[in-house]
Structures are given as structure tokens and as C-alpha cells.
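Remarks on the overall topology
Each chain, letter by letter, is given below.
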Amino acid sequence: MPVPADAARGEANMGAVAALVARARAAQAIADGYDQARVDELVAAAGWAILEPGRNRELAELAVADTGIGNVEDKIRKNHRKTLGLLRDLAGMKTVGVVGEDPAKGLVEIARPVGVVCAITPSTNPAATPANKIINALKARNAVIVAPSPKGASTCARLLDFVHAELARIGAPRDLVQMLPAPVTKDATAELMRACDLVVATGSQANVRAAYASGTPAFGVGAGNVAAIVDETADLEAAAERIVLSKCFDNATSCSSENSLVVLEPVADAMLAA
């Protein structure tokens, strides 16, 4: 009796995901033995994969060409600043062994990896967001498998080419960083979420809800683009300048770009003029 097409696709997804996760677990078992210096070398290598200027520009151009979202020069700035800012925040942070002690309470805090991280990433930032999630996962000695937006899959794949080149340069296992193969489907992404040890989801409300419903522990970051409130205490010139910059940057694709303004009546005319 022939197997229904949907069932066959489901079995194929399960098999492909299981193979990715198995390779990730083998690589993570190696990283589990790294000391802090080796972990930090790993993180720096992954950061350089997107920070190197030529690679950064290639990724930005590919992102705009494939998704039709944003503009190249702003994506170059975004890739650079977000990655460099994250590396700055992680510099000197202990993630191996004893990371904290409270003698008064008799507590010792010991860091350990969670295992394999599933990283859900959006089409609006198909290079910067995967790079961010990869660096964070590696800092804690985890393996990571990225499930990109279908529109951003080719940009993510190129980023992983650069990451793998850097991992090879320092002699680290390439399977620490993987992605779902194209075409990326909802079914394959759902199976990946179920098979991993932690889901970190950035994107639409539907993606975040799917992450929380996957049965796997999850961190979700949904829609941003909040309203900005301007009242009598605001520096109107500075507020206007920053709001315009934010709303224009990368064609307003960032989740930090304001959705709308709520301006109190006493300053409304002056704010609009500014």
C-alpha cells in the first residue's frame, strides 16, 4: 500500500532533522570539554565570520537581493554594530566551570551547556540575527541549528560558509553550527524545535507561539516596533532626530523602529515641527 505524500514528507523531515541533531550532539560533546579560553576563541571566530568587511558586504547585498527588505548600507552597519556589541557584552563573561559563589548561603553556581539549540530567525535580519544566536550558543558550549526564514535561507547558508571556514581555521568541529537545508518548511522547523534542547525564536507572533507550543523549553522574541510617547519632559529636537533615524534605518525593518508616536497636546505642534 503506497505511503500518503504528507506522511512521506513527514518521515523525510524527521529523518533529515534527526541526522542534523545527531551531528550537532557529537560536535557539542567535543565543545563540552573546552576551557574558557577555547570557548572565547570559538566565539571570536564566529564573530569574525560576519565582521570581516568583505563578508559583511556580501551578506548585506545577498540579504537585500533575496528578501527585498531593507537596504545594503544600513544592513552592513547593522551586521557590524550588533555583532560587535554582542562580543563586547560577552567579553570577560565566565561560562565554563564555577561562575559564581555565595559563601553566606553556601551556594556555588556552575555553568553547563544546555546541548543543542534551535535558532528560529526572521527574514528582516537574515545575517545579523543568526550570527547573534550562533555566538550566544557557542559562548555557552552549545551546538546550534538555525531554522531561517525561507526568504533568508540563502543568506544564512552563506553566513554558515563563513562560520565553517573560521571553525576550520581554529580546528573546531563544523557541526557545532548547522542549518535546516533549503527549502525550509514549517514542518521541518517544527520537528527541529521538538528535537532540540532549547528553542530561541525571533520573528512573527506565529513563530514565537509555535516555539512555546513545541514541548521544548523556549525563549521567544516577537514583534517589537512599539509606540513612542513624547511629553513635556522630552528634548524635542533630540527625540525628533532619533525617531526619524530609527524609522528610516534599513527601511524601518528593525524591531526597534517605532510603530507610532503618541504626542501630548502641549508639545504636539513643536514636536511635529521638529
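Notes on the structure follow. Just so we're clear, the structure is a prediction, and the values are computed from it rather than from any experiment.

Let us now look at the overall build of the protein chain. Counting secondary structure elements, the protein chain contains 10 helices and nine strands. Along the longest, intermediate and shortest principal axes, the C-alpha atoms of the protein chain span 70 × 65 × 40 Å. Put simply, the protein chain has 274 residues, and 46% of those count as buried. Taking contacts inside the protein chain between residues at least 6 apart in sequence as the whole, the part at least 24 apart equals 72%.

So, on to helix α9 (residues 236-248). With 13 residues, α9 should cover 18 Å at 1.5 Å per step; its first-to-last C-alpha distance of 18 Å lies within 8% of that length. Positive phi shows up at Asp250, right after α9, with a value of about 50°.

Taking strand neighbours across the sheet as the criterion, the five strands line up as β5-β4-β3-β6-β7 in an open arrangement whose pairing is parallel. Edge positions in the open sheet fall to β5 (177-179) and β7 (218-221), since each of these has one partner strand only. Strand-to-strand, the axes of this sheet are offset by a mean angle of 15°, without reference to chain direction. Sheet topology places strand β4 (residues 143-147) next to β5; three bridges connect them, and they run parallel. Looking at β5, one finds that Ile145 is bridged to Gln178. Across the sheet, helix α6 (residues 153-169) touches β4 and β5, and the angle it forms with β5 is around 160°.

A full pass over the atoms with the stated rule returns zero aromatic pairs. The aromatic ring of Tyr34 is capped on one face by Arg38, whose charged end is 5.0 Å from the ring centroid.

Further remarks concern the pairing of strand β3 (residues 116-120). The element β3 is extensively covered by neighbouring structure, given that five of its five residues are classed as buried. With burial as the criterion, each face of β3 is covered, one bearing Val116, Cys118 and Ile120 and the other bearing Val117 and Ala119. Inspection of the sheet shows β3 paired to strand β6 (residues 198-202) by four bridges, in the parallel sense. Residue Val117 lies in a different strand from β6, and its bridge partner there is Leu198.

The sheet contact formed by strand β1 (residues 97-102) and strand β2 (residues 107-111) spans five bridges and is antiparallel. When the bridges of β2 are listed, Gly97 appears paired with Ala111.

With that settled, the discussion passes to the side chain of Ser123. Locating Ser123 in the fold gives a position in the loop between β3 and α5 (128-139). With relative accessibility at 16%, the residue Ser123 sits in the buried group. When residues no more than four places from it in sequence are discounted, the contact partners of Ser123 are Thr67, Ile69, Ser149 and Lys151.

A few words on the pattern of salt bridges. The tally for this structure, following the rule as stated, stands at 16 salt bridges. Close ionic contact of Asp89 with Arg88 constitutes a salt bridge, the shortest N to O distance being 3.4 Å. Residue Asp89 is classed as partly exposed on the basis of its relative accessible area of 47%. Residues joined by salt bridges that share partners form a network here, namely Arg55, Glu166 and Arg169.

Reading guide: rules and limits
- Residues numbered from 1 in each chain as written.
- Predicted model: local features only at pLDDT ≥ 70, side-chain atom pairs only at ≥ 80, totals over all residues.
- Heavy atoms only, no water.
- Helix = DSSP H or I, 4+ residues; strand = E, 2+ residues; numbered from the N terminus.
- Buried < 20%, exposed > 50% of the residue type's maximum accessible area, 1.4 Å probe, protein only.
- Contact = heavy atoms within 4.5 Å.
- Expected span 1.5 Å × (residues − 1).
- Pairing = 2+ DSSP bridges.
- Axes fitted to C-alpha atoms, helices over the stretch in contact; angles between N-to-C directions.
- Phe/Tyr/Trp six-rings, centres within 6.5 Å; stacked < 30°, edge-to-face > 60°.
- Lys NZ or Arg CZ within 6 Å of the ring centre and 35° of its normal.
- Salt bridge = Lys/Arg side-chain N within 4 Å of Asp/Glu carboxyl O.

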